[in-house]
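One letter stands for each residue in the lines below.
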Amino acid sequence: QSSVTLYGVVDVALERVKGATSLTRVTSGQMFGSRWGVRGVEDVGGGMKATFLLESGFNADTGTLGQGGRLFGRQGYVGLGGHWGTVRLGRQYTPMDDIASIIGTKVYDVVSVVPIIGNGDYNRVDNAITYVSPTVANTVFQLQYSLGEERASTNTSADFGKQVSAHALYAQGPWTLGLSLMQVADADGVLAGKQGKDALLFVGAYDFGPVKLTGYYDIEDKAVEKLKLFGLAAAFKVGENTVLAVGAAQAKNVNGSAAAGDDARIYTLQATHNLSKRTALYGHITAVSNDTASALGFNNPVAGQSSSGIQVGIRHRF
Amino acid sequence: QSSVTLYGVVDVALERVKGATSLTRVTSGQMFGSRWGVRGVEDVGGGMKATFLLESGFNADTGTLGQGGRLFGRQGYVGLGGHWGTVRLGRQYTPMDDIASIIGTKVYDVVSVVPIIGNGDYNRVDNAITYVSPTVANTVFQLQYSLGEERASTNTSADFGKQVSAHALYAQGPWTLGLSLMQVADADGVLAGKQGKDALLFVGAYDFGPVKLTGYYDIEDKAVEKLKLFGLAAAFKVGENTVLAVGAAQAKNVNGSAAAGDDARIYTLQATHNLSKRTALYGHITAVSNDTASALGFNNPVAGQSSSGIQVGIRHRF
Amino acid sequence: QSSVTLYGVVDVALERVKGATSLTRVTSGQMFGSRWGVRGVEDVGGGMKATFLLESGFNADTGTLGQGGRLFGRQGYVGLGGHWGTVRLGRQYTPMDDIASIIGTKVYDVVSVVPIIGNGDYNRVDNAITYVSPTVANTVFQLQYSLGEERASTNTSADFGKQVSAHALYAQGPWTLGLSLMQVADADGVLAGKQGKDALLFVGAYDFGPVKLTGYYDIEDKAVEKLKLFGLAAAFKVGENTVLAVGAAQAKNVNGSAAAGDDARIYTLQATHNLSKRTALYGHITAVSNDTASALGFNNPVAGQSSSGIQVGIRHRF
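So, a few notes on the structure that sits alongside this text. Note that this is a predicted model, so its numbers are computed, not measured. (Residues numbered from 1 in each chain as written. Chains lettered and ligands numbered in written order. Predicted model: local features only at pLDDT ≥ 70, side-chain atom pairs only at ≥ 80, totals over all residues. Heavy atoms only, no water.)

Our focus in this paragraph is the overall build of chain A. A tally of regular secondary structure across chain A gives two helices and 17 strands. Here the C-alpha radius of gyration of chain A, 20 Å, is about what a compact globule of 318 residues would show, namely 20 Å. Dimensions of chain A, computed from C-alpha atoms along their principal axes, come out at roughly 60 × 55 × 40 Å. Among the 318 residues that make up chain A, the fraction classed as buried is 51%. Excluding contacts between residues fewer than 6 apart, the proportion of contacts in chain A whose partners are at least 24 apart in sequence is 51%. A total accessible area of about 12700 Å² is found for chain A, and carbon and sulfur atoms account for 58% of it. On chain A, the mean spot of the 27 positive side-chain charges and the mean spot of the 26 negative ones are 5 Å from each other. (Helix = DSSP H or I, 4+ residues; strand = E, 2+ residues; numbered from the N terminus. Rg over C-alpha atoms; globule rule 2.2 N^0.38 Å. Buried < 20%, exposed > 50% of the residue type's maximum accessible area, 1.4 Å probe, protein only. Contact = heavy atoms within 4.5 Å. Areas by Shrake-Rupley, 256 points an atom, 1.4 Å probe, with all protein chains shown as cover. Lys, Arg positive; Asp, Glu negative; His and termini not counted. Charge placed at Lys NZ, Arg CZ, Asp CG, Glu CD.)

Encoded structure:
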């Protein structure tokens, strides 16, 4: 019942991006983040299991470490589980990021182009304690608290990094429904005072078989007005090994300023062809239409100008 | 007879520490340093074996590399052994650290709270050549020389990092006796001239079965007066899977200054419960009583004030 | 037909080098670069294979990462191959470095002492696309294009890192013949304008059985005059497990200046004794005779002075 597994992903693409300038480049981790890791589970008796996961992100185009040079920047935790659920300690994904992954968190996906907090600054957190419930009424609950780092008296902000979030994830037949809430104690480590922040993310998906529809809604604190993001995506199965997906989304108050003109619209078109269970070829197109004060997109996008990217790549799992 | 093994430890704890301030935090590597590594042994014939070990330390609470960002900061060496013993080349533990590990070198152990050189600046050394003897009269001898790094004419101190140390480790029935000597050519890489340093560490342990007693004595050069550390610990087996341990130690001349008031006393209480061979839960308490000029302990301890820490954690080996 | 392999090399030596000063030190990766990696191949059907390689260089004497702190600084790529050849994307060796490896690219080898571009700044490149042909008439062809990194408008040199190179490698009976060409778009990332650079490397070897002869010729752009390097090496089999090799080379216009006096001669003597397939002991001697303006060799060599190194080491593969 015990096992230790070495695993990973190497994902490299060739892309053409248009932002401040247009350029062609080789990039890593576009469909899945390139990574290697070790994970394991041990049956410790009495219905309990010890688990661990060490996951290292890297850039296959240059060989450098990802996540700011952390070795296990993607995740690093140890956990203990039983019939009552699992508790994990360490660097981990937030429950909100888990819900965002139902929408898709690829570089060309809407929730990456619009940097929502649950897939951005707080997709992973340090010093976290996570509780994962068993499945109850087709629903899994997660609750996470991260204590922040070295909150000594010398820190400008004693609460930087403190975060609590939770999610409920319902999966039954064709339905997938996910709701997540997050509260960040101090989203800014420099300014004095607590720069608190709240966020909510809802995702609903229905799988018709040949077509799967996904809708989502995100709302979160910004400087003055709340950021709102909502969108729809449809994924079509084409034969055994190919999926085509289209998506459209509206982002409102990207900057959170009271003034108008910081909305944007994001359109995506994606194709994935599985050569095998482990290897896939993919093509992604994303186009962003920015209002006058919005600057979302690729390669240093310019406010008020459209930005876009197109890429083809290969993703290999081991 | 040949094998290559991927192995590691993930160890995360929740602790409350009192020093300059009191704070609660998640920390990594408190019982065992969190690590992953690869080790192997190859039978090359003629009674000889080639061995290697690459061991990478990391912080599971944040995913960062340990040992100042070194990949294999814990150890990295290749060796060749036969009936005459083993010679190893690379980054390695010092023979004195091997003896310190009989006392215990956890973060909450006495020889970590009092930063003795053999478990501190010289627990591991670069550019080392180590000879490990076969067991002779129940005793293993180790001799190590580290050459220092890039001792070019431009270095302020041409001898920084040069070190020689040795140990004798006797193990027979209930007895374990260890003695180690170390000489550092230049403990300071900035000051001109050789800032030489000597250290001696003695450890004796006797295992009564239900109780194991350990006593130790460390003496080493400091600025003016010698640092002296001596202490006792007792470990009690409670049932099959639980060990309770208590310890007390006296450190004299912590700063090495001629003036009085730089002594400290350290008290430890530890519990370990093995869930399995690979997984353990633990609890540690350490309290430090500092004299007016001593500042040992946790979270930026203040001279003359007591400091303490309490933690519970999980250690998982793979 | 699918496999994933964890592999590596630990190589540590003791050397005495003479340059600006003479010193003795422990060094890593002298015969083979110390490394660990994961590589795999997957049969995806239809005669096609997916491959990947992630290779991390490190220094076993200190435990630090090599290649400027990159995790997979040696190589990191994913590829797809069929009867038509293989295409690989990521950080890779250049085709010219592949040809240089026939001569030998150890630290004490001529093409390392004379830093030719194909075994120096451009031995590996980021963001590369490589095509490897099937074997046609006993010859394998490689073609590589590297796109450079983040060639945004803000870069001083928009073409830094752009590179194209190719090789043809013929192997038939006792003959090995390799030819490689390289063109670097901008060898300098700071100076304005394209600092283009061309290089050519030819290697021929004939294996008589007990003796193998290798000759080579390298020519490449320098400031004013072209650098030229040519040399000969002979490797003698001594018994089953030992190889002795001698080499001599002439480097002309090491600095590329119009003035005379920047030539050098390099002499090598090498012995390798295989203890097993995985473990070898080795000894290397290299001596450099520098003309008045040449400063090749070891430990900060001085222009016009000879420089030399002698080392013994152990190389263990896993």
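Picking up where we left off.
Let us look at the packing of aromatic side chains. Residues and elements named next belong to chain B. The tally for this structure, following the rule as stated, stands at 24 aromatic pairs over all chains. When the ring of Y217 is compared with that of F230, the centres are 6.3 Å apart and the planes differ by 25°; the resulting orientation is stacked. Placement of Y217 in strand 12 (residues 211–220) and of F230 in strand 13 (residues 227–238) is noted, with a sequence separation of 13 residues between them. Relative accessible area serves as the criterion here: at 35%, F230 is assigned to the partly exposed category. (Phe/Tyr/Trp six-rings, centres within 6.5 Å; stacked < 30°, edge-to-face > 60°.)

Turning our attention to the relation of the copies chain B and chain C. Least-squares fitting of chain B to chain C yields an RMSD of 0.0 Å, with the transformation described by 0.0 Å of translation along the axis and a rotation of 120°. When the rotation and shift are considered jointly, the pair of chain copies conforms to a three-fold rotation axis. For chain B, the residue whose C-alpha comes nearest the rotation axis is L71 of chain B, separated from it by 4.8 Å. Little of the interface of chain B is mirrored in chain C, where only 10% of its interface residues again form contacts. (Least-squares fit on C-alpha atoms with pLDDT ≥ 70 in both.)

This next bit is on the relation of the copies chain B and chain A. When chain B is fitted to chain A, the residual RMSD is 0.0 Å, and the transformation amounts to a turn of 120° plus an axial shift of 0.0 Å. Looking at chain B, a mere 10% of its interface residues are interface residues in chain A too, so the copies touch through different faces.

Interfaces are often sized by the accessible area lost when the parts come together. In this assembly, 29 residues from chain B lie in contact with 31 residues from chain A. Counting the surface lost from both chain B and chain A, the interface buries some 2600 Å², and carbon and sulfur atoms represent 71% of this. At the surface where chain B touches chain A, the tally comes to zero salt bridges. Counting across the chain B and chain A interface gives seven residue pairs in polar contact (both at pLDDT 80 or more). Residue assignment for the side of chain B that touches chain A shows that the elements contributing at least two residues are strand 1 (3–18), strand 2 (22–28), strand 16 (279–290) and strand 17 (307–317) of chain B. Here the residues of the side of chain B that touches chain A are counted per class, giving 15 nonpolar, 11 polar and three charged. (Buried area = accessible area lost by both parts, 1.4 Å probe. Salt bridge = Lys/Arg side-chain N within 4 Å of Asp/Glu carboxyl O. Polar contact = N/O pair within 3.5 Å; in protein donor to acceptor, adjacent residues only side chain to side chain. Nonpolar A, V, L, I, M, F, W, Y, C, P; charged D, E, K, R; others polar.)

Pairing between side chains becomes possible if they bear opposite charge and their charged atoms approach one another. Tallying each qualifying case throughout the model produces 27 salt bridges over all chains. Between E55 of chain B and R74 of chain B there is a salt bridge whose closest N-O contact spans 2.7 Å. Of this pair, E55 of chain B sits in strand 4 (residues 48–57) while R74 of chain B sits in the loop between strand 4 and strand 5 (75–82), and the two are 19 residues apart along the sequence. Each member of the pair, E55 of chain B as well as R74 of chain B, carries the same accessibility label: buried. D109 of chain B is the partner of K106 of chain B in a salt bridge, and the nearest nitrogen-oxygen pair spans 3.5 Å. Both residues of the pair, K106 of chain B and D109 of chain B, count as buried. When salt bridges with common partners are traced through the structure, they connect R35, E55 and R74 of chain A into a single cluster.

The next thing to look at is the interface of chain B and chain C. Taken together, the contact between chain B and chain C spans 31 residues of the former and 29 residues of the latter. Roughly 2600 Å² of surface becomes buried between chain B and chain C when both sides are summed, with 71% attributable to carbon and sulfur atoms. There are zero salt bridges connecting chain B and chain C. Applying the counting criterion to the chain B and chain C interface returns seven residue pairs in polar contact (both at pLDDT 80 or more). Breaking the side of chain B that touches chain C down by element, the ones donating at least two residues are strand 1, strand 3 (35–45), strand 4, strand 5, strand 6 (85–93) and strand 7 (124–132) of chain B. At five residues, the largest contribution of residues to the side of chain B that touches chain C is made by strand 5 of chain B.

On to the side chain of N253 of chain B. Residues and elements named next belong to chain B. Note on placement: N253 falls in the loop between strand 14 (242–252) and strand 15 (264–274). Under the relative-accessibility criterion, N253 is labelled buried at 13%. Engagement of the side chain of N253 in a polar contact is seen with the side chain of E225, the distance being 3.4 Å. Excluding its chain neighbours within four sequence positions, the residues that come into contact with N253 are K222, E225, K226, L227, D262 and D263.

Taken as a whole, helix 1 (residues 95–103) of chain B has its buried residues at P95, M96, D97, I99, A100 and I103 of chain B. Note on helix 1 of chain B: the residue one or two positions beyond its end, G104 of chain B, has a positive phi of about 115°.

Residue and element names in this part refer to chain A. Among the eight residues of strand 5 (residues 75–82), seven are classified as buried, and the element is accordingly described as predominantly covered. When strand 4 (residues 48–57) meets strand 5, the two strands line up antiparallel, connected through seven bridges. Counterpart to A50 in the pairing with strand 5 is L80. As paired elements, strand 5 and strand 6 (residues 85–93) share seven bridges and run antiparallel to each other. In the strand pairing of strand 6, G79 is matched with R88. Where strand 5 folds back on strand 6, the antiparallel hairpin that results is connected by two residues. (Pairing = 2+ DSSP bridges.)

Within the secondary structure, R70 of chain B sits in the loop between strand 4 and strand 5. Judged by its relative accessible area of 21%, R70 of chain B falls in the partly exposed class. Considered as a pair, R70 of chain B and S56 of chain B are 14 residues apart in the sequence and their alpha carbons are 7.8 Å apart. Beyond its immediate stretch of four places on either side in the chain, R70 of chain B contacts L65, R91 and D126 of chain B together with T62, G63 and T64 of chain C. Looking at R70 of chain B, its side chain comes within polar contact range of the side chain of D126 of chain B, at 2.9 Å.

Here we take up the pairing of strand 15 (residues 264–274) of chain C. Residue and element names in this part refer to chain C. The sheet contact formed by strand 14 (residues 242–252) and strand 15 spans 10 bridges and is antiparallel. What sits directly across from Q250, in strand 15, is R265. Judged from the 11 bridges that link them, strand 15 and strand 16 (residues 279–290) form a sheet pairing that is antiparallel. Residue pairing for strand 16: A271 is matched across the bridge by G283. Counting the residues in the hairpin turn of strand 15 and strand 16 gives four residues.

Take unusual backbone geometry next. All names here are of chain A. Positive phi outside glycine occurs at A137, with the angle close to 50°. Tracing the sequence through the fold places A137 in the loop between strand 7 (124–132) and strand 8 (139–147). You can call A137 exposed: its relative accessible area is 63%. The backbone phi angle of N299 is positive, close to 55°, even though this residue is not glycine. Topologically, N299 is positioned in the loop between strand 16 (279–290) and strand 17 (307–317).

This part is about a nonpolar patch on the surface. Residues and elements named next belong to chain A. Together, F236, V238, L244, V246, L269, I285 and I310 give the surface a local cluster of nonpolar side chains, amounting to about 540 Å² of exposed area. Of all elements in the fold, only strand 13 (227–238) and strand 14 (242–252) reach the threshold of two or more residues within the nonpolar patch. The topology assignment puts I310 in strand 17. (Patch = residues over 30% accessible without salt bridge, like charges linked within 9 Å, V, L, I, M, F, W, Y side chains within 5 Å.)

Another point: the environment of A166 of chain B. Residue and element names in this part refer to chain B. Along the polypeptide, A166 turns up in strand 9 (residues 162–172). On a C-alpha basis, the gap between A166 and D109 in space is 23 Å, while along the polypeptide they are 57 residues apart. Setting aside its immediate chain neighbours within four residues, A166 contacts P95, Q142, L143, L179, S180 and L181.

Read these as geometric descriptors, not functional statements.
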